[in-house]
Number of protein chains: 2
Amino acid sequence: MFSKACEYGIRASTYIASQSLRNRRVSLKEIAEEIDSPIAFTAKILQQLSRNRIVDSVKGSAGGFQIENKQIEKIKLSEIVYAIDGNEVSMGCGLGLKKCNSNKPCPVHDKFVKIRDELKMMLENTSLYEMTEGLEVGLTYLKR
Amino acid sequence: MFSKACEYGIRASTYIASQSLRNRRVSLKEIAEEIDSPIAFTAKILQQLSRNRIVDSVKGSAGGFQIENKQIEKIKLSEIVYAIDGNEVSMGCGLGLKKCNSNKPCPVHDKFVKIRDELKMMLENTSLYEMTEGLEVGLTYLKR
DNA sequence: ATTAAATAGGACAAAATTGTCCGATATAAA
DNA sequence: TTTATATCGGACAATTTTGTCCTATTTAAT
């Protein structure tokens, strides 16, 4: 469904958010350990998220990544996904047709639109804050 | 959502089914033209579908691909997808966790299960026959 | 039998994705 | 001011996916 880069990006953002809520800025090293991802690849993805203003990065000693607390509730899963994978996943044709639409649909157009619309709604309605809730109390996990 | 190979596979199967209903066996060349796909790559995918008994292939002069008419209603979209992409798309974790399940879920486990279950139901309930219906009357398309 | 036309399958090539390494740059602390 | 510790970003490498080409094999028709 999503690329590896996107999966790591979501997990990283969620971890950063969970720590930002405790006023902790976290390093790349810590992030990669906590989400079990390849560190250098994760660095690239964090750069992308930083350029897209989804996470804040601070260079230099005691630097790292963080997200403003008031942003954590505002940032939706969709923003992370669109920043890394684009919106093909919730907008594109299931059979790969470039110009598939309701006027010139592929044979599964309507059925896919239904699924994709639900996916789209889910992504656009799920906030980073929601995703951190279970983490704190050990109900949800970001590795393995 | 699906790989290119899978998209071509679905489109090819649908075209073969539509022509089999008219008792026409079709060649690789015709298929690739009608679904606008790279011919040699499409050949590989058809071999896979043939080995998985989703399409029948006939070698030699006047050979080509076909699907038994009584099978066209029985073959579901899910069989094609699983044969080419596996069932990761309807079973795997949205964040790429290997051991994600309801006991040790990722932060979006429940939300993804809901989407994936619907996708799974749709794939398993959509027959090749259904997909050919609009084609005949020019209501649906397999290229561009 | 020979030939023409078709799929099967192996080897190879190109492109995209995933992943690594290292020097440049920025910043806090000594 | 120097040093230690971060991220940034460019170049490179490995792997996977996508795509091509060519020969072998099969089959129908001549």
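Residues numbered from 1 in each chain as written. Chains lettered and ligands numbered in written order. Predicted model: local features only at pLDDT ≥ 70, side-chain atom pairs only at ≥ 80, totals over all residues. Heavy atoms only, no water.

An unreviewed UniProt entry lists chain A under the name Rrf2 family transcriptional regulator, from marine sediment metagenome.

1. Brief notes about the environment of Lys143(A)
Tracing the backbone shows Lys143(A) in the segment after helix H8 (128–136). The partly exposed category is assigned to Lys143(A), whose relative accessible area is 30%. Distance from Lys143(A) to Asn103(A), taken between C-alpha atoms, is 44 Å for residues 40 residues apart in sequence. Sequence-distant contacts of Lys143(A), that is, excluding residues within four places in its chain, are made with Glu33(A), Glu34(A), Ile35(A), Asp36(A), Leu97(B) and Lys104(B). At 3.3 Å, the side chain of Lys143(A) forms a polar contact with the backbone oxygen of Glu33(A). (Helix = DSSP H or I, 4+ residues; strand = E, 2+ residues; numbered from the N terminus. Buried < 20%, exposed > 50% of the residue type's maximum accessible area, 1.4 Å probe, protein only. Contact = heavy atoms within 4.5 Å. Polar contact = N/O pair within 3.5 Å; in protein donor to acceptor, adjacent residues only side chain to side chain.)

2. Concerning the relation of the copies chain A and chain B
The relation between the two chain copies is a rotation about an axis coupled with a shift along that axis. If you rotate chain A by 180° and push it 0.0 Å along the axis, it lands on chain B with an RMSD of 0.0 Å. As the rotation angle and translation indicate, the two copies are arranged about a two-fold axis. Taking C-alpha positions as the reference, the residue of chain A nearest the rotation axis is Met1(A), at 2.3 Å. Both copies contact each other with a shared surface, as 100% of the interface residues of chain A are interface residues in chain B too. (Least-squares fit on C-alpha atoms with pLDDT ≥ 70 in both.)

3. Brief notes about the interface of chain A and chain B
Facing 38 residues of chain A, the contacting portion of chain B comprises 38 residues. Across the interface of chain A and chain B, roughly 3,400 Å² is buried in total on both sides, 68% from carbon and sulfur atoms. Counting the contacts that link chain A with chain B gives two salt bridges. Notably, a salt bridge pairs Lys111(A) with Glu130(B), separated by 2.8 Å at the nearest N-O pair. Our count for the contact surface shared by chain A and chain B stands at 10 residue pairs in polar contact (both at pLDDT 80 or more). Only helix H1 (4–20), helix H7 (109–125) and H8 of chain A provide two or more residues apiece to the side of chain A that touches chain B. Ranked by residues supplied to the side of chain A that touches chain B, first place goes to H7(A) with eight residues. (Buried area = accessible area lost by both parts, 1.4 Å probe. Salt bridge = Lys/Arg side-chain N within 4 Å of Asp/Glu carboxyl O.)

4. Quick word on the protein's contact with DNA strand C
Near DNA strand C you find 25 residues, and of these Lys4(A), Leu28(B), Lys44(B), Gln47(B) and Ser57(B) are the closest. Atoms of DNA strand C within 4 Å of the protein belong to the sugar or the phosphate in 64% of instances, the rest to bases. A distance of 3.3 Å is found between a phosphate oxygen of DNA strand C and a side-chain nitrogen or oxygen belonging to Tyr8(A). In the model, a base nitrogen of DNA strand C is placed 2.9 Å from a nitrogen or oxygen of the Gln47(B) side chain. Listing elements by their share of the surface near DNA strand C, those giving two or more residues are H1 and helix H3 (39–51) of chain A together with helix H3 (39–51), strand S1 (56–58) and strand S2 (64–66) of chain B. Counting residues per element, the surface near DNA strand C draws most heavily on H3(B), which supplies four residues. In terms of residue class, the surface near DNA strand C is made up of eight nonpolar, 11 polar and six charged. (Near = heavy atom within 4 Å. Nonpolar A, V, L, I, M, F, W, Y, C, P; charged D, E, K, R; others polar.)

5. Side note on the side chain of Gln19(A)
Note that Gln19(A) resides in helix H1. Sequence-distant contacts of Gln19(A), that is, excluding residues within four places in its chain, are made with Arg24(A), Val26(A) and Glu30(A).

6. Let's talk about the packing of aromatic side chains
In total, this model carries four aromatic pairs over all chains according to the counting rule given. Judged by centre distance (5.8 Å) and plane angle (90°), the rings of Phe112(A) and Phe2(B) are edge-to-face. One end of the pair, Phe112(A), is in helix H7; the other, Phe2(B), is in the segment before helix H1 (4–20), on a second chain. Under the relative-accessibility criterion, Phe112(A) is labelled buried at 2%. With centroids separated by 5.9 Å and ring planes inclined at 85°, the aromatic side chains of Tyr8(B) and Phe41(B) adopt a geometry described as edge-to-face. Note that Tyr8(B) is positioned in helix H1 and Phe41(B) in helix H3, a separation of 33 residues in sequence. For Phe41(B), a relative accessible area of 37% puts it in the partly exposed group. In this structure, Lys104(A) is placed above the aromatic ring of Tyr141(B), and the distance from its NZ or CZ to the ring centre is 4.4 Å. (Phe/Tyr/Trp six-rings, centres within 6.5 Å; stacked < 30°, edge-to-face > 60°. Lys NZ or Arg CZ within 6 Å of the ring centre and 35° of its normal.)

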